[in-house]
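Spelled out, the chains give:
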Amino acid sequence: MKGKRGKLDVQEFSLNLMDNILQLREDLANLSYAHGGYKSFNISDPKPRNIHKATVRDRLLHHAIYRILYPFFDRTFIADSFSCRKDKGTHKALNRFRELSYKVSKNNTRTCWVLKCDIKKFFASIDQKVLEDILTGYIPDSNILWLLKKVIRSFFSSSPGRGLPLGNLTSQLLVNIYMNEFDQFVRHTLKAGYYIRYADDFILFSEGRKRLEKHLFFISKFLEDMLKLSLHPDKISIQTLVSGVDFLGWVHFPDHRVLRTSTKRRMFRRIQVSPTSETLHSYRGLLSHGNTRKLQEEVAKIYFLNHDRDTFDEPISIKNRSGNIRSY
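Reading the values: the criteria
- Residues numbered from 1 in each chain as written.
- Predicted model: local features only at pLDDT ≥ 70, side-chain atom pairs only at ≥ 80, totals over all residues.
- Heavy atoms only, no water.
- Pairing = 2+ DSSP bridges.
- Helix = DSSP H or I, 4+ residues; strand = E, 2+ residues; numbered from the N terminus.
- Axes fitted to C-alpha atoms, helices over the stretch in contact; angles between N-to-C directions.
- Contact = heavy atoms within 4.5 Å.
- Buried < 20%, exposed > 50% of the residue type's maximum accessible area, 1.4 Å probe, protein only.
- pLDDT = per-residue confidence, 0-100.
- Salt bridge = Lys/Arg side-chain N within 4 Å of Asp/Glu carboxyl O.
- Expected span 1.5 Å × (residues − 1).
- Bend = angle between axes of the 7 residues up to and from the residue.
- Core = buried A, V, L, I, M, F, W, Y, C linked by side-chain atoms within 4.5 Å.
- Phe/Tyr/Trp six-rings, centres within 6.5 Å; stacked < 30°, edge-to-face > 60°.
- Lys NZ or Arg CZ within 6 Å of the ring centre and 35° of its normal.

We now examine the sheet that holds strand E5 (residues 201–206). Across the sheet, which stays open at both edges, the four strands sit in the order E4-E5-E3-E6 with antiparallel pairing between neighbours. Bordering the open sheet on either side are strand E4 (195–198) and strand E6 (237–240), each of which pairs with just one other strand. Between one strand axis and the next, the sheet turns through 20° on average, direction left out of account. The sheet contact formed by strand E3 (residues 113–118) and E6 spans four bridges and is antiparallel. Within E6, the residue paired with Lys116 across the bridge is Ser237. Seen against the sheet, helix H8 (residues 169–189) touches E4 and E5 and runs at an angle of roughly 170° to E4.

Encoded structure:
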């Protein structure tokens, strides 16, 4: 209910809360539970995504499943998987990128090669049978497996047996369980120690290009044969760190990182369309994670051109070229 008390479906479920919960409990105990349908809508995040929203009753169950299963499975994940995990996230992934690049390049004294890949139509391509087989290897309880299959099979994308819905809390956990098979392959079979994954984006570092080309062959084969996934052909690159590596919205170089051009353009458009202090503060937080002094100055100028200065309730502090801090 947090943050959703104004939603009609939440209010309707809350009117008979205990009756609804007891009925759900009875359906689970009798193994008569059936997952409901979904409402779909599109968002731009920034690329178009199709979100599928389950009923309140089913979302309540998703949270219960997640609370029980997440602590167990999180212990099986590698440390360098950063998506949808507690105490992880994009900022820690960015810092880990910098840390590993320093190690491979011996503090920027050697060439550091980077393999970057993206999985094509990630959520829509998950093979449900493969996922269920993976879960069976971890969970001996037949009732839990029955319930998870009900949730997994409640949705399909292009064809029956394929895909997980973007929007389910359980999907975030299930794709990490699915991709943990790949993480373990990269870490223990390929023995690639310098590796980072965030959802369907992943990075491998090496001192040599040929090693990464060899890794790419086995990675592609494993994904296709074992997980029924394929790499996006237009999003595979092997390049040196010096040339700039685009990862998680930032372009990374040996000693600094800068915001991706498309992200900059989107940021300026949003500030012009919605010149509020909330918008400004959110982008100030984003810009604090890279080398963005000039960008911060530009953002401040655009904000003040589109907003009455007297209504701004908090000063902006920006370092000038001499290193002194100036407040606006």
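Time to look at the environment of Ala93. Looking at the element boundaries, Ala93 is found in helix H4 (residues 90–104). Given a relative accessible area of 0%, Ala93 falls into the buried group. Residues Ala93 and Ser81 lie 12 residues apart in sequence; the distance between their C-alpha atoms is 8.3 Å. Ignoring any residue separated from it by four or fewer positions in sequence, one finds Ala93 in contact with Phe82, Ile196, Tyr198 and Leu248.

Glancing now at the confidence of the model for the protein chain. In this model, the protein chain carries an average pLDDT of 88, and 85% of its residues clear a pLDDT of 70 or more. Here residues 309–314 scores under 50 on pLDDT; set against residues more than four positions off or in separate chains, the count is 12 contacts. Segment residues 316–322: pLDDT under 50, and 28 contacts once partners within four positions in sequence are set aside and those in other chains are kept.

Here we come to the sheet that holds strand E7 (residues 245–247). Across the sheet, three strands lie side by side as E7-E8-E9; this open sheet has antiparallel pairing. Pairing within the sheet leaves two strands with one partner each, and these edge strands are E7 and strand E9 (257–259). For this sheet, the mean angle separating the axes of adjacent strands, direction not counted, is 30°. Note that E7 and strand E8 (residues 250–252) share three bridges and pair antiparallel. Looking across to E8, one finds that Phe247 is bridged to Trp250.

Applying the stated criterion across every chain yields a total of 16 salt bridges. The closest approach of N and O atoms between Arg59 and Asp9, which form a salt bridge, is 3.9 Å. Of this pair, Arg59 sits in helix H3 (residues 56–74) while Asp9 sits in helix H1 (residues 8–15), and the two are 50 residues apart along the sequence. The class for Arg59 is buried, based on a relative accessible area of 18%. A salt bridge links Asp74 to Arg85; the nearest nitrogen and oxygen atoms lie 2.8 Å apart. Taken together, the residues Asp74 in helix H3 and Arg85 in the loop between H3 and H4 connect sequence positions 11 residues apart.

The subject of this paragraph is unusual backbone geometry. The phi dihedral of Lys106 is positive, around 50°, even though this residue is not glycine. Tracing the chain through its elements places Lys106 in the loop between H4 and E3. A relative accessible area of 41% means that Lys106 is categorised as partly exposed. Positive phi is not limited to glycine here, since Asn108 has a value of about 65°. As for its placement among the helices and strands, Asn108 is situated in the loop between H4 and E3.

As a further point, take H3. Residue pairs three or four apart in sequence face the same way in an α-helix, which turns once every 3.6 residues. When the terminal C-alpha atoms of H3 are compared, their 26 Å separation across 19 residues agrees well with the 27 Å that a helix rising 1.5 Å per residue should span. The sharpest bend along H3 comes to roughly 30°, located at Ile68, with the proline Pro71 sitting one to four residues further on. Turning to H3, its buried residues are Val56, Asp58, Arg59, Leu61, His62, Ile65, Tyr66, Leu69, Tyr70, Phe73 and Asp74. Its buried side turned inward, H3 meets H1, helix H2 (17–29), strand E2 (48–54), helix H6 (128–138), helix H7 (142–152) and H8.

So, on to the nonpolar core. Of all hydrophobic cores here, the largest spans 51 residues; its most connected members are Leu135, Phe182, Phe202, Leu204, Ile219 and Leu227. Looking at this core, the elements with two or more residues in it are H3, E3, helix H5 (122–125), H6, H7, H8, E5 and helix H9 (209–226). Per element, the largest residue contribution to this core is nine residues, and it comes from H8. Setting aside chain neighbours within four positions, we find Leu204 in contact with Trp113, Val114, Leu115, Val186, Ala192, Tyr194, Tyr195, Leu212, His215 and Ile219.

This next bit is on the packing of aromatic side chains. Here the structure, examined in full by the defined rule, presents 14 aromatic pairs. Their ring planes at 80° and their centres at 5.2 Å tell us that Phe217 and Phe218 sit as a pair that is edge-to-face. Judged by relative accessible area, Phe217 falls into the exposed class, the value being 52%. Assessed through its relative accessible area of 34%, Phe218 is described here as partly exposed. Ring pairs connect the aromatic residues Phe182, Phe185, Tyr195, Phe202 and Phe222, which therefore count as one cluster. It is Lys88 that lies over the ring of Phe82; its NZ or CZ is 5.1 Å from the centre.

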